Amino acid sequence: MAIRPPQTLKSTGRKVPVTRYRNVSPTQTLRRFTVIWANNDGVPFNTSGFFATLRRLDGTFVQASGFDRFGTARFNRVRTPTNQPYILRTFRDDGVLFRVRSVPAGVSSFVVIG
C-alpha cells in the first residue's frame, strides 16, 4: 500500500504524521465508464452533436452515448473498472465516423486525443 507524504496543516503549520494516513485508500473513482475527447493540448472539444458507440471485441453492441458540449460522454451500462477491452467509435450527428480507438480492460475513463 502506498504511504502518503506528510501534509502541512493550514491552521498550525505543523507536520501530520504519516501513520495517520496508513489505512486510507483512494475513493475518487468513476462508477460508470467515461470518455473525454480532447485536442493535443488536453483541452476538451466542444462536442455537442457528436456521439460514441461502444462494442466488445467480438462486435457485440454495448451502448451508444452522446457527448455533451464539454467533450464528455458517459456510458451508464458499463461499470468501472472495465473487465474487458472495447472498441470505441466516435461519430458526428449525421453519422460521419471520426475516430476508432481500442479501450483496454481495467480502466474507468478514456481520453480520445485529436
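Scroll up to find the structure this text is about.
Residues numbered from 1 in each chain as written. Predicted model: local features only at pLDDT ≥ 70, side-chain atom pairs only at ≥ 80, totals over all residues. Heavy atoms only, no water.

*Asks:* For this particular structure, what's the right way to read the packing of aromatic side chains?
*Replies:* Two aromatic rings are characterised by how far apart their centres lie and by the angle between their planes. Taken as a whole and assessed by the stated rule, the structure comprises seven aromatic pairs. For the ring pair Phe 33 and Phe 75, a centre distance of 5.9 Å and an interplane angle of 35° mean the geometry is tilted. With a gap of 42 residues between them, Phe 33 in strand S1 (residues 32-38) and Phe 75 in strand S4 (residues 72-79) connect regions that are remote in the sequence. Both residues of the pair, Phe 33 and Phe 75, count as buried. With 6.2 Å between their ring centres and 85° between their planes, Trp 37 and Phe 45 make a pair best called edge-to-face. (Phe/Tyr/Trp six-rings, centres within 6.5 Å; stacked < 30°, edge-to-face > 60°. Helix = DSSP H or I, 4+ residues; strand = E, 2+ residues; numbered from the N terminus. Buried < 20%, exposed > 50% of the residue type's maximum accessible area, 1.4 Å probe, protein only.)

*Asks:* I'm lost on the side chain of Thr 82 in this one. Help?
*Replies:* Here Thr 82 is to be found in the loop between S4 and strand S5 (86-92). For Thr 82, a relative accessible area of 5% translates into the label buried. Among the polar contacts made by the side chain of Thr 82, one reaches the main-chain carbonyl oxygen of Pro 104 at a distance of 3.4 Å. Discounting chain neighbours no more than four positions away, the residues touching Thr 82 are Phe 33, Pro 104, Ala 105, Gly 106 and Val 107. (Polar contact = N/O pair within 3.5 Å; in protein donor to acceptor, adjacent residues only side chain to side chain. Contact = heavy atoms within 4.5 Å.)

*Asks:* Which parts of the structure should I look at to understand the sheet that holds S5?
*Replies:* Within a sheet, neighbouring strands are paired by backbone hydrogen bonds and run either parallel or antiparallel to one another. Judged by pairing direction, the sheet is antiparallel, and its four strands sit side by side in the order S3-S2-S5-S6 without closing on themselves. Strands with a single pairing partner mark the edges of an open sheet, and in this sheet they are strand S3 (61-66) and strand S6 (97-103). With strand direction ignored, the average angle separating the axes of adjacent strands in the sheet is 20°. Sheet analysis places strand S2 (residues 50-56) next to S5, joined by seven bridges and oriented antiparallel. (Pairing = 2+ DSSP bridges. Axes fitted to C-alpha atoms, helices over the stretch in contact; angles between N-to-C directions.)

*Asks:* Whenever I open this one, the pattern of salt bridges confuses me. Can you help?
*Replies:* Side-chain pairs of opposite charge can arise where the charged atoms are in close proximity. Tallied over the entire structure, the rule returns one salt bridge. A salt bridge links Asp 94 to Arg 92, with the shortest nitrogen-to-oxygen separation between them at 3.0 Å. Overall, Arg 92 belongs to the partly exposed group, its relative accessible area being 32%. (Salt bridge = Lys/Arg side-chain N within 4 Å of Asp/Glu carboxyl O.)

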